[in-house]
Amino acid sequence: MAEVRYLKCMKAVNIPEKAQNYYASGEALWAARMKLSRIVEWYNEICKTCAPCEFELIQKEIDEIDAILADACSGRIDWNNFDQSFIDGLYDKLYNLYSRVLKAKANIQKVQNSIRSWGQIPLYERLNGDNTSLINIENRSLIVQRRLEACLDTKKLIEKVMDENFKLYFDYLVALSEEKLSSASGTSSQRRSSMIMPAPEQEEQQPANVVALEVPDAEEEQSAADTLDDVPSLDQSELGKNLSQLELFRPYEEYVDSILSKEIMDAVHVSVKYIKFEMENRLSHNTPIFEIKYELHPPDTRFCPSLDPYDPDGFFALVESMITDIYCMSDMIPRVAQPPENERIDEEGNVFPETYISKHSFRSPF
């Protein structure tokens, strides 16, 4: 093509018609090459980054794409005889799948970031971050309340994410719209999606669902974890979740449950280890974190708080209650993969509505 372009610039005559036709198709060939490059990139990334349970959810679509690729690699199509609509169709189909997988992964990352936003900060710290101060237990109720509110926000986010990821992996219709948000400096646009569910009686007659998305560039992929669409919560009947989909989705719930359980356990360990390390002076602050006074109460003297391990208001009870507050963080967020009802029955036969990460799952740092 470069040679033909040079000849045209020199206004050469008698350029072979075949060369001119080939040069005229240059833009179409370039567009086809770019789309094929993205197809290869997206397909390989899906195969390399998806966990087995995630890949199982999209196995049917992957098989369809493999069949299309097998047809393209059969020798029937080459650069002299290719159909642009064939490449466009494969590009759109793979982009639809890649975009949904990317969004689902970004949603899980958003939940992890939410847990880390409060989990990487010890529940109880020295007052005002001063290494010479005692641990701040004067406002315990306020400290615990703030942490529980953060846990509740994460719980709501998990419910929303799992609901949306179900729709993404099973390719429910998604329409993206842009909503402008006003700010002090002006307005900025933010993508939001609204779910459009197919009618149950028409589901078998509908063509393959389509996700209307734009091609994600590097900046969008980087910020994908910071955007989560506000999708209204729907029950299973409204979502049209059938039994086969729920069974297929169960391993994915267990996979996400293992990821988030680790994050929550790490959050608990951060708070417990902080107290442990400060008590053992591992951080070399050379300053105690608790204060016990030896007071005169005529005719006796006593420690305040008491060192009696059986005193409900003593020092041991204080430390134990602080550790209990820390472990209670795990009781604010239900398991993503809830066990069946027969495993959620107490001794009296009552069914627990939700199960949580048991504190026995933690490896105590003490």
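Everything below is about the structure shown above.
Reading the values: rules and limits
- Residues numbered from 1 in each chain as written.
- Predicted model: local features only at pLDDT ≥ 70, side-chain atom pairs only at ≥ 80, totals over all residues.
- Heavy atoms only, no water.
- Helix = DSSP H or I, 4+ residues; strand = E, 2+ residues; numbered from the N terminus.
- Areas by Shrake-Rupley, 256 points an atom, 1.4 Å probe, with all protein chains shown as cover.
- Buried < 20%, exposed > 50% of the residue type's maximum accessible area, 1.4 Å probe, protein only.
- Expected span 1.5 Å × (residues − 1).
- Contact = heavy atoms within 4.5 Å.
- Axes fitted to C-alpha atoms, helices over the stretch in contact; angles between N-to-C directions.
- Parallel < 35°, antiparallel > 145°, perpendicular 65-115°, else oblique.
- Left-handed = near helix turned anticlockwise from the far one by under 90°.
- Nonpolar A, V, L, I, M, F, W, Y, C, P; charged D, E, K, R; others polar.
- Phe/Tyr/Trp six-rings, centres within 6.5 Å; stacked < 30°, edge-to-face > 60°.
- Lys NZ or Arg CZ within 6 Å of the ring centre and 35° of its normal.
- Salt bridge = Lys/Arg side-chain N within 4 Å of Asp/Glu carboxyl O.

Caption draft 1: Spotlight on the overall build of the protein. Regarding its fold elements, the protein presents eleven helices and five strands. With the model as given, the accessible surface of the protein reaches about 22400 Å², and the carbon-plus-sulfur share is 53%.

Caption draft 2: Quick look at unusual backbone geometry. In this structure, Pro299 follows Pro298 across a cis peptide bond, with omega equal to 5 degrees. Of note, Pro299 is situated in the loop between β4 (293-297) and β5 (300-304). Cis geometry marks the peptide bond from Cys304 to Pro305; its omega dihedral reads 0 degrees. Mapped onto the elements of the fold, Pro305 is located in the loop between β5 and α11 (315-327). Its identity as a non-glycine residue notwithstanding, Asn128 has a phi of 60 degrees, on the positive side. Along the polypeptide, Asn128 turns up in the loop between α6 (84-119) and α7 (140-169). Among the residues examined, Asn128 registers a relative accessible area of 75% and is labelled exposed.

Caption draft 3: Structural context of α7. Here α7 is 30 residues long and its end C-alpha atoms lie 43 Å apart, about the 44 Å a rise of 1.5 Å per residue gives. Downstream of α7 by one or two residues, Asp171 has phi in the positive range, about 55 degrees.

Caption draft 4: Examining α11 more closely. In this model α11 runs 19 Å from its N-terminal to its C-terminal C-alpha over 13 residues, within 8% of the 18 Å that 1.5 Å per residue would give. Within α11, the full set of buried residues consists of Phe315, Ala317, Leu318, Val319, Met322, Ile323, Asp325, Ile326 and Tyr327. Contact partners of the buried residues in α11: α7 and α10 (243-279).

Caption draft 5: Representation of the packing of α7 against α10. Running from N to C, α7 and α10 cross one another at 155 degrees; their axes reach a closest spacing of 11 Å. Judged by the angle between their axes, α7 and α10 are roughly antiparallel. Here α7 and α10 pass one another in a crossing that is right-handed. Taken together, the residues of α10 that come into contact with α7 (itself represented by Arg147, Ile158, Met162, Asn165, Phe166 and Tyr169) are Gln245, Leu246, Phe249, Tyr252, Glu253, Val256, Leu260 and Ser271. For the contact of α7 with α10, the per-class residue count stands at nine nonpolar, three polar and two charged.

Caption draft 6: Looking closely at the environment of Glu41. With respect to the helices, strands and loops of the structure, Glu41 is situated in helix α3 (residues 26-49). Separated by 57 residues in sequence, Glu41 and Tyr98 place their C-alpha atoms 10.0 Å apart.

Caption draft 7: The packing of aromatic side chains, seen in detail. Here the structure, examined in full by the defined rule, presents twelve aromatic pairs. Aromatic pair Phe166 and Phe170: ring centres 4.7 Å apart, planes at 50 degrees, arrangement tilted. As far as the burial class goes, Phe166 and Phe170 line up, both buried. Their ring planes at 40 degrees and their centres at 6.3 Å tell us that Tyr252 and Tyr255 sit as a pair that is tilted. Linking Tyr252 with Tyr255, this pair stays in helix α10, spanning three residues, or about one helical turn. Its relative accessible area of 30% is what places Tyr255 among the partly exposed residues. Members of the aromatic cluster, each reached through a chain of ring pairs, are Phe166, Tyr169, Phe170, Phe249, Tyr252 and Tyr255. Its guanidinium or amino end placed over the ring of Tyr91, Lys35 lies 4.9 Å from that ring's centre, counting from NZ or CZ.

Caption draft 8: Molecular detail of the side chain of Glu263. Here Glu263 shows up in helix α10. Those residues in contact with Glu263 that sit more than four places away from it in its chain are Gln112, Ile115 and Arg116.

Caption draft 9: View of the pattern of salt bridges. Evaluation of the coordinates by the stated rule reveals 15 salt bridges. For Arg38, the salt bridge is made with Glu41, and the minimal N-O distance between the two is 3.4 Å. A residue pair is termed a helical-turn pair when its members lie 3 or 4 positions apart in one helix, as Arg38 and Glu41 do in helix α3 at three residues. Among the salt bridges present, the one from Lys167 reaches Asp163, with a minimum N-O distance of 3.1 Å. Placement of the pair is Lys167 and Asp163 together in helix α7, with a separation of four residues, close to one helical turn. Considered together, Lys167 and Asp163 belong to a single accessibility category, that of buried residues. Beyond isolated ion pairs, a larger network of salt bridges with shared partners links Glu61, Arg100 and Asp171.

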